[in-house]
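Now for the letters of each chain:
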Amino acid sequence: MSSVAAISHEFWPTFMRLRWPLAVYALAYLVGGYLGQWPSLGPGLTATLWIPSGLTLAVLLKSNRKYWLQIATVGLVADTALQLWVYDFQPIAAAIVAAGNILEPLAGASLVVRRCGYPFKFTGLREVLWLALLAAFVSPMISATMAAATLHVTGVQDFMSAWFLWWLGDAISVLIVAPLVIAIWQVKREGLRLNPVLLAEGGALLVALVAVVHVWLTGRVPIAFMILPFLLWAALRFGVTGAALALAILAAMTFGYIQIGFLPFGEREFSAYQRTVIVQGFLGIASLSTLLLAALNEQVTSTLMELMRLNEGLEDRVAQERRALQASELRARQLMDNQLAFVAQLSMDGTVLDVNRAALAASGVGPNDVIGKKFWDCYWASHDSAVQSRLEKTVITAATGKVVRYDETFRVANDGRIVVDFMIVPVRGTSGEISYLIPSGVDVTDRKKIEHDLIEKEERLKLALEGADAVDWIWDIPSNRLTWSDRYREFFGETAEPPRDYQEWINTVHAEDRSKLQHRIEQMLSMPDDNIWREEFRIVDPSRGTVWLGSFGLMRRNEAGVPKRMTGIFVDITQRRQAEFQLRLHQESQAKLARLGVLGEYSAGIAHEINQPLMAARVYLRLASDAAANAEAKEEVVSAVANATAQIERAGDVIRRLREFIQFGTVNSSPSDLQAIARSSIRLLQPELERAEIVMAEEFPADLNLVLVDPLQIELVLTNLLRNSIEAISGAGIKHGRITIKATHVDCDWLEVAVEDNGPGFSADDSRPPPLLTTTKTDGLGLGLSLSKSIIEAHGGRFSKAPRLSGAAIHFTLPKSKEISPWRSSRELH
């Protein structure tokens, strides 16, 4: 309570003492708040630029902190009055909005003064940055939040839209109004020092800025950023003061032209809210960038002035030292200019006068061990008389004025050896005569080793390319330049001209392979992880005809993944491809011979297979003959003849398909319905099933795909397997016989089909399909299972027996089509 009482006790005397400045502030606050309603771009929107925020912040920053309470009180009263009588707020809402509008500059001023000190000045980049961050970005959040919440509760405007507009309006006020007020305050205190040239330039800038803003706002040249050069002019030539004045003119003209009907950015249709945000954003960006540039320019200028003052003081001191150091500086500079790594100074007869520390440290000797000796007699050369002789001759040659350079072997500490890039340079004096010699050298042992290794690798690569009969190439992708090895003409012919770029090379490729290679290269260029090239293609050689080439290469990319270079080789694989072609022809011939070899064996099976449809045709024709005797049975005759014709045609199809399969291995696959194939086989054997009283069942999945098969051949397989089951059950005298056709999914590409019966089954020691011409029936040839196995394997499937507790089971797989079978039911057939 004591502190509150003390503040209250001091408040009124201070207030009365400052009543006239406070009255001016209050009047400016009211005028600025009243003008704040004018820039609004639409009904119901908050002020586009709230002048009192920047005004109050500037007054607080330029005033002693002990007066802040009186300033805030006057501002609160003025703002409340504005909200009540100008903006028609209710008393409580007006008080909340006014409190937020005053808390904002108080918070901003407190944060800025804490970082920049008091009194606040625009002296550099640091002050502008803190003003923008703390006063323009952070503190407006206070008033925006309180005002937006009030507008939202009272139903005047949505919270987020009101918050964003309010925050932007206060932010650009801080960036435009506050710098202007502070700049005017500083000019009043410190005075404005402008020469006539700057005054004339300022007037020209003012006229140009007003003209350009007028042209923009009236829509004659609707390019907002044409104003920026003039803002930069103001910032660079007149500092923060000029920048603040230019920004104020820009803002004033913008809002003034809005009031008379000219809309900024009128070249596009925007809502009032969108246009308000765009105008605020444009002014905010222009203000911040201009102020930053002005502050940075002033800081750089002041720094340069300080450096100039320091330089003037140093020049006298340097001049005093220069004379004393000239003689030694010349010698040191000559040594440094010619230094590689090991440096010494020799007299004209080769006596060592001086040597640098690097040479002594590498040799493991001291200055007394070398100074005064002949250069070729020192430790680093005394290991080999040939080295000494070469060094002596080199010194004599250098003494004549020639620079000598070559690689020499020197001895280093612990009797080591290094290769040195050695050089002796004669140094001439001011009169032009040689004064002394400077020997220098750098250790190139590692470089020599690398060069030697590279030579060996190149030789091995050359041998490998010659042994493989290959030619190597490099494609520089950015320049589209192809480089070939010296073996190009040896590889392609003495008259062959190497292609110089990608297009020339692709034109040499065989027309049938060209599009494939172009697609592959485009794929590698566009995919960052695809860097390995491995292709085989043809070219047309004028002397050799069509030549097959195998190519392998690697693509190199930069750090950003952009292709830079591709390196590879070409190998002639024509002989290999011809051998492969001959081998394939040989294999096909062998396969055909194998099929023809069993043609005689399969012929009996073919007769067996077509016997069934021919017997059915005989029955139908007999029925037709009997019905023909009866004049009233005309329809039965027609039906019997039609069925007989169908069976005869089926026999013809069986013969044709089996002939194609045996002779060529042909499988005419097409998407086929497995259930339809199975039911066709069942209908064919229906009389036998009924005579043997065997129950026929199907078990197919609901999501059964079509199968990619030759339907007649698969029907033949199912007919064979069903007939085997019927004969096995009948022969064993089993009552209540049962045969089931099942289909199950193996994976997304294959379907497994099983034919199961409850007959006597296979023998216990036989779980494999019987070989050709093997049968368990006394009257059979053993062709059914063998022919069925061949057909299934020709479709790419597997054919096998499966163990069962009772009966027999044959399993085989068929490739799926992508289509779904129309059959969806599974039921038993008798």
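Please read these numbers as outputs of a predicted model, since none were measured by experiment.

Caption draft 1: Representation of the overall build of the protein within the structure. Along the backbone of the protein there are 24 helices and 18 strands. Burial status across the protein gives 42% buried among its 830 residues. For the protein, the proportion of contacts with a sequence separation of at least 24, taken over those separated by at least 6, is 64%. Per element, the accessible surface of the protein, about 44,900 Å² overall, is 59% carbon and sulfur.

Caption draft 2: Representation of the packing of aromatic side chains in the model. This structure, assessed with the given rule, holds 18 aromatic pairs. When the centroid spacing of 5.5 Å and the interplanar angle of 50° are considered together, the rings of Phe410 and Phe422 count as tilted. Taken together, the residues span a long stretch of sequence, with Phe410 in strand S3 (residues 404–412) and Phe422 in strand S4 (residues 416–428) at a distance of 12 residues. Exposure remark for Phe410: the relative accessible area of 8% places this residue in the buried category. An aromatic cluster is present here, built from Trp473, Trp475, Trp484, Tyr502, Trp505, Phe537 and Phe570 joined pairwise through their rings. Just above the ring of Tyr379 sits the side chain of Arg411; from NZ or CZ to the centre is 4.0 Å.

Caption draft 3: Seen up close, the pattern of salt bridges. Inspection of the entire model under this criterion finds 16 salt bridges. Among the salt bridges present, the one from Glu698 reaches Arg679, with a minimum N-O distance of 3.0 Å. One end of the pair, Glu698, is in strand S12 (residues 694–699); the other, Arg679, is in helix H21 (residues 674–684), and 19 residues separate them in sequence. Grouping residues by exposure puts Glu698 and Arg679 together as buried. Salt bridges sharing common partners tie together Arg411, Asp415 and Arg417.

Caption draft 4: Region of interest: the nonpolar core. Grouped together as the largest cluster of nonpolar side chains are 71 residues, with contacts concentrated most on Leu61 and Ile227. Of the residues forming this core, the biggest block, 16 residues, is contributed by helix H10 (residues 228–259). Dropping the residues within four chain positions of it, Ile227 is found in contact with Leu209, Val212, Val213, Trp216, Leu250 and Phe282.

Caption draft 5: Main features of the environment of Val221. Residue placement: Val221 occurs in the loop between helix H9 (196–217) and H10. Using a relative accessible area of 33% as the deciding quantity, one classes Val221 as partly exposed.

Caption draft 6: Expanded view of unusual backbone geometry. At Asn480, a residue that is not glycine, the phi angle is positive and equals roughly 55°. Of note in this structure, Glu693 is not a glycine but carries a positive phi near 55°. Considering the arrangement of structural elements, one finds Glu693 in the loop between helix H22 (686–692) and S12. Residue classification places Glu693 among the exposed positions, given a relative accessible area of 63%.

Caption draft 7: Focus on the side chain of Asp530. Locating Asp530 in the fold gives a position in the loop between helix H17 (511–526) and strand S8 (532–541). Sequence-distant contacts of Asp530, that is, excluding residues within four places in its chain, are made with Arg520, Gln523, Met524 and Arg557.

Caption draft 8: Representation of the sheet that holds S4 in the model. Pairing is antiparallel in the open sheet, where 5 strands are placed in the order S2-S1-S5-S4-S3. For this open sheet the edge positions go to strand S2 (352–355) and S3, each flanked by a neighbour on one side alone. The average angle at which neighbouring strand axes cross in this sheet is 30°, direction not considered. Across 9 bridges, the pairing between S4 and strand S5 (residues 434–443) is antiparallel. Bridge assignment links Phe422 to a residue of S5, and that residue is Gly441. Strands strand S1 (342–346), S3, S4 and S5 of the sheet are contacted by helix H13 (residues 385–399), whose axis makes an angle of about 145° with S3.

Caption draft 9: Structural detail: the sheet that holds S8. Taken together, 5 strands build an open sheet; the order of strands is S7-S6-S10-S9-S8 and the sheet is antiparallel. Either end of the sheet is taken by a strand with one partner, and the two such strands are strand S7 (481–484) and S8. When strand polarity is set aside, the average angle formed by the axes of neighbouring strands in this sheet is 25°. In this sheet, S7 lies alongside strand S6 (residues 470–476) in antiparallel orientation, the contact comprising 4 bridges. Residue Trp475 lies in a different strand from S7, and its bridge partner there is Leu482.

Caption draft 10: Spatial organisation of the confidence of the model for the protein. Predicted confidence across the protein gives a mean pLDDT of 77, with 76% of residues reaching 70 or more. Looking across the protein, the model is least confident in strand S18 (residues 828–829), with a mean pLDDT of 39, and most confident in strand S15 (residues 750–757), with 92. Counting interchain partners and residues more than four positions distant, the pLDDT-below-50 stretch residues 767–776 has 25 contacts. Confidence drops under a pLDDT of 50 for residues 778–783, and excluding neighbours within four residues, the segment shows 14 contacts in the predicted structure.

Caption draft 11: Focus on the pairing of S15. Within S15, 6 of the 8 residues are buried, which leaves the element mostly enclosed by the surrounding structure. In this structure, the hairpin formed by strand S14 (residues 737–745) and S15 is closed by a connection of 4 residues.

Caption draft 12: Structural detail: the packing of helix H2 (residues 19–35) against helix H4 (residues 68–86). The contact between H2 and H4 brings their axes to 9 Å, and the two run at 35°. The handedness of the crossing between H2 and H4 comes out as right-handed. Taken together, the residues of H4 that come into contact with H2 (itself represented by Leu22, Tyr25, Ala26, Tyr29, Leu30, Gly33 and Tyr34) are Gln70, Ile71, Val74, Gly75, Ala78, Asp79, Leu82 and Val86. Split into classes, the residues belonging to the contact of H2 with H4 amount to 11 nonpolar, 3 polar and 1 charged.

Caption draft 13: Region of the structure containing a nonpolar patch on the surface. A cluster of nonpolar side chains, Leu296, Val300, Leu304, Leu307 and Leu310, forms an exposed patch at the surface whose accessible area comes to about 430 Å². Summarising the element assignment, Leu296 is placed in helix H11 (residues 272–337). Since its relative accessible area comes to 38%, Leu296 is described here as partly exposed.

Caption draft 14: Summary view of the environment of Arg417. Along the chain, Arg417 falls in strand S4. Here the alpha-carbon distance between Arg417 and Thr445, two residues 28 residues apart in the chain, equals 8.9 Å. Residues within four places of Arg417 in sequence aside, it is in contact with His383, Thr409, Phe410, Arg411 and Val412. At 2.8 Å, the side chain of Arg417 forms a polar contact with the backbone oxygen of Asp415.

The rules behind these values
Residues numbered from 1 in each chain as written. Predicted model: local features only at pLDDT ≥ 70, side-chain atom pairs only at ≥ 80, totals over all residues. Heavy atoms only, no water. Helix = DSSP H or I, 4+ residues; strand = E, 2+ residues; numbered from the N terminus. Buried < 20%, exposed > 50% of the residue type's maximum accessible area, 1.4 Å probe, protein only. Contact = heavy atoms within 4.5 Å. Areas by Shrake-Rupley, 256 points an atom, 1.4 Å probe, with all protein chains shown as cover. Phe/Tyr/Trp six-rings, centres within 6.5 Å; stacked < 30°, edge-to-face > 60°. Lys NZ or Arg CZ within 6 Å of the ring centre and 35° of its normal. Salt bridge = Lys/Arg side-chain N within 4 Å of Asp/Glu carboxyl O. Core = buried A, V, L, I, M, F, W, Y, C linked by side-chain atoms within 4.5 Å. Pairing = 2+ DSSP bridges. Axes fitted to C-alpha atoms, helices over the stretch in contact; angles between N-to-C directions. pLDDT = per-residue confidence, 0-100. Left-handed = near helix turned anticlockwise from the far one by under 90°. Nonpolar A, V, L, I, M, F, W, Y, C, P; charged D, E, K, R; others polar. Patch = residues over 30% accessible without salt bridge, like charges linked within 9 Å, V, L, I, M, F, W, Y side chains within 5 Å. Polar contact = N/O pair within 3.5 Å; in protein donor to acceptor, adjacent residues only side chain to side chain.

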